[in-house]
Amino acid sequence: MIAQHYNSTHVENNLIKQIKIKENQLKIAQESDMIHVAEELQGQLLKLQSQLSEPQDQNVEIQALMGLLDD
């Protein structure tokens, strides 16, 4: 149970970091008039934000499956 809570917190913290990075990238793209890059970053940002709003147990499962695919 404790390990699952730790994993859930870790996944959430990781998502928050990724969201902050995408927000910074989006700001730079918008300031540089990189329209297509900004649109792509907005889509990626929305996807990350939707993952953050999902129940954490589901996020842990998704991250575990993604980890298997990355190997």
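Structure's up top.
Per chain, the residues get numbers from 1 upward, laid out in the order the sequence is written. Where local features are concerned, this predicted model is filtered to residues with pLDDT of at least 70; where side-chain atom pairs are given and counted, the filter is 80 or more; whole-chain, interface and lining totals use all residues. Excluded from the side-chain calculation are hydrogens and water; included are all heavy atoms of the structure.

A.B. asks: Sorry if this is basic, but what is going on with the overall build of the protein chain here?
C.D. replies: Tallying secondary structure elements over the protein chain gives 3 helices and 0 strands in all. Secondary structure follows DSSP: runs of H or I at least 4 residues long count as helices, runs of E at least 2 residues long count as strands, and numbering of each begins at the N terminus. Taken from N to C terminus, the helices and strands of the protein chain fall in the order α-α-α. Here the protein chain, with 71 residues, has 21% of them falling under the buried criterion. Contact criterion: two residues are considered in contact whenever any of their non-hydrogen atoms come within 4.5 Å of each other. If you take every contact in the protein chain between residues at least 6 apart in sequence, the share linking residues at least 24 apart comes to 54%. Buried residues are those whose accessible area, probed at 1.4 Å on protein chains only, stays under 20% of the maximum for their type, while exposed residues exceed 50% and partly exposed ones sit between those limits.

A.B. asks: Would you mind showing me how to read the nonpolar core here?
C.D. replies: Soluble, globular proteins show a tendency: their nonpolar side chains are buried together. Membership of the largest hydrophobic core is limited to 9 residues, which are Val11, Leu15, Ile19, Leu26, Ala29, Ala38, Leu41, Leu45 and Leu48. Elements with a contribution of two residues or more to this core: α1 (2-31) and α2 (35-53). The element best represented in this core is α1, accounting for 5 residues. Residues belong to one nonpolar core when they are buried, are Ala, Val, Leu, Ile, Met, Phe, Trp, Tyr or Cys, and are joined through side-chain atoms within 4.5 Å.

A.B. asks: What should I look at first to understand unusual backbone geometry in this one?
C.D. replies: Of all residues except glycine, most have a negative phi; of all peptide bonds, most are trans. Positioned with a positive phi, Asp33 is a non-glycine residue whose angle comes to about 55 degrees. For Asp33, the location among the structural elements is in the loop between α1 and α2. Residue classification places Asp33 among the exposed positions, given a relative accessible area of 65%.

A.B. asks: Help me out: how do you make sense of α2 in this one?
C.D. replies: At 3.6 residues per turn, the α-helix brings residues three or four places apart onto the same side. With 19 residues, α2 extends 27 Å from end C-alpha to end C-alpha; this agrees with the ideal 27 Å at 1.5 Å per step. For α2, the complete set of buried residues consists of Ala38, Leu41, Leu45, Leu48 and Gln51. The buried side chains of α2 occupy one side of the element, clustering within an arc of 140 degrees when seen end-on. Turned more than 90 degrees off the buried face of α2, the exposed positions are Ile35, His36, Leu46, Lys47 and Ser53. A helix's residues, less one, multiplied by 1.5 Å, set its expected span. The arc refers to the directions leading from the helix axis to the C-beta atoms.

By themselves, these are just geometric observations and shouldn't be taken as functional.
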